[in-house]
Amino acid sequence: MEHFIQLARQLNREIMIESQSPFDPVCPVNTPHPWQMLGCGNYAAVFLHPEYPDYVVKIYGRDEHGLLDEKKVYERLGDHPGFSVCYYTESRFLILKRIQGITLYDCVHKGIKIPEHVIFDIDQALSYATEKGLQPSDVHGKNVMISGNRGIIVDVSDFYKKEDCRKWKDLRKAYFKFYKKTLYHFPVKIPYFVLNVVRVGYRYYRMLKISKDYK
């Protein structure tokens with residue numbers, strides 16, 4: 001682990017991470033060899049070193065004060081099959097247990113069936129987090145994975161926020177009302193640009209809904 005920490009520190013010094021807008025995911029400008037980028041989120045990007053396949057480095061590109069909050073979330077969650085594990089934190093980055101699998105977002109893109117029990121796995125993990133005094137937020141198709149045929153939440157960075165978030169409730173509703181009756185039985189590949197239109201459309205729908213509710 002000590003050698004990997006040194007590699008993570010070097011990556012942290014060399015990497016540049018930017019975002020075009022506060023509504024778009026952050027994205028690395030450069031990824032030093034031999035690191036591989038596994039994904040980008042609202043605040044951070046995740047990297048894999050091929051010599052250490054069991055670990056990933058999550059480097060914050062913005063809202064870096066949230067890193068310590070994320071560390072506290074993992075400490076409170078402890079060892080649970082529905083989440084990753086945080087092994088180490090330092091300025092701007094965390095070292096996490098790598099979860100190998102496929103996101104629900106990519107399942108829809110590739111036409112891979114999403115079993116019903118995966119949805120229930122996420123429900124159970126969220127209930128567990130709530131019992132631990134957390135308030136799960138920002139749980140959506142890009143940070144929920146199928147790994148070993150089970151559902152796992154791979155991003156808990158917003159679990160410390162004290163606000164109601166409907167993303168998982170709405171996704172769950174869409175799964176049973178639409179997906180289970182259509183794409184589950186007749187899986188087809190959905191292009192990313194179509195999924196992105198849905199993602200942006202949902203974001204504006206929630207903004208309008210919230211604005212309407214406050215009037």
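Just so it is clear, the model here is predicted, and its values are computed rather than measured.

**Student:** Which residues make up the pattern of salt bridges, and what are the values?
**Tutor:** For the structure on display, the rule yields 10 salt bridges. Across the salt bridge formed by Asp121 and Arg150, the nearest N and O atoms sit 2.6 Å from each other. Here the residue Asp121 occupies a position in helix H4 (residues 116-131), and Arg150 occupies one in strand E10 (residues 150-153), the gap between them amounting to 29 residues. Look at Arg150 and you get partly exposed, because its relative accessible area is 42%. Across the pair Lys161 and Asp158 runs a salt bridge whose closest N-O atoms are separated by 3.1 Å. Residue classification places Lys161 among the partly exposed positions, given a relative accessible area of 22%. The exposure class of Asp158 is buried, given its relative accessible area of 3%. Each of Lys58, Glu70 and Asp155 takes part in one network of salt bridges that share partners.

**Student:** Before we move on, could you go through the packing of H4 against helix H5 (residues 167-177) and cite the residues and values that matter?
**Tutor:** Across the interface, H4 lies against H5 with an axial gap of 11 Å and an inter-helix angle of 160°. When the axes of H4 and H5 are compared, the pair comes out roughly antiparallel. For H4 against H5, the interelement crossing comes out left-handed. Counting all contacts with H4, which are made through Glu116, Ile119, Phe120, Ile122, Asp123 and Leu126, the residues of H5 involved are Trp168, Arg172, Tyr175 and Phe176.

**Student:** Can you lay out the sheet that holds strand E5 (residues 55-60) for me, pointing to particular residues and giving the numbers?
**Tutor:** The five strands are arranged E3-E4-E5-E7-E6 in an open sheet whose pairing can be described as antiparallel. What marks the edges here is a single partner per strand, and that holds for strand E3 (36-40) and strand E6 (86-90). Direction aside, neighbouring strands of the sheet carry axes that sit 25° apart on average. Sheet topology places E5 next to strand E7 (residues 93-97); five bridges connect them, and they run antiparallel. Across the sheet, Val57 pairs through a bridge with Ile95, a residue of E7. This element, helix H2 (residues 66-77), spans E5, E6 and E7 of the sheet and lies at about 25° to E7.

**Student:** Before we move on, can you summarise the side chain of Asp170 with the specific residues and values?
**Tutor:** Note that Asp170 resides in helix H5. The exposure class of Asp170 is buried, given its relative accessible area of 16%. Here the side chain of Asp170 touches Tyr202 through a polar contact of 2.6 Å, side chain to side chain. When neighbours within four sequence positions are excluded, Asp170 is seen to be in contact with Tyr202 and Arg206.

Rules and cut-offs
Residues numbered from 1 in each chain as written. Predicted model: local features only at pLDDT ≥ 70, side-chain atom pairs only at ≥ 80, totals over all residues. Heavy atoms only, no water. Salt bridge = Lys/Arg side-chain N within 4 Å of Asp/Glu carboxyl O. Helix = DSSP H or I, 4+ residues; strand = E, 2+ residues; numbered from the N terminus. Buried < 20%, exposed > 50% of the residue type's maximum accessible area, 1.4 Å probe, protein only. Axes fitted to C-alpha atoms, helices over the stretch in contact; angles between N-to-C directions. Parallel < 35°, antiparallel > 145°, perpendicular 65-115°, else oblique. Left-handed = near helix turned anticlockwise from the far one by under 90°. Contact = heavy atoms within 4.5 Å. Pairing = 2+ DSSP bridges. Polar contact = N/O pair within 3.5 Å; in protein donor to acceptor, adjacent residues only side chain to side chain.

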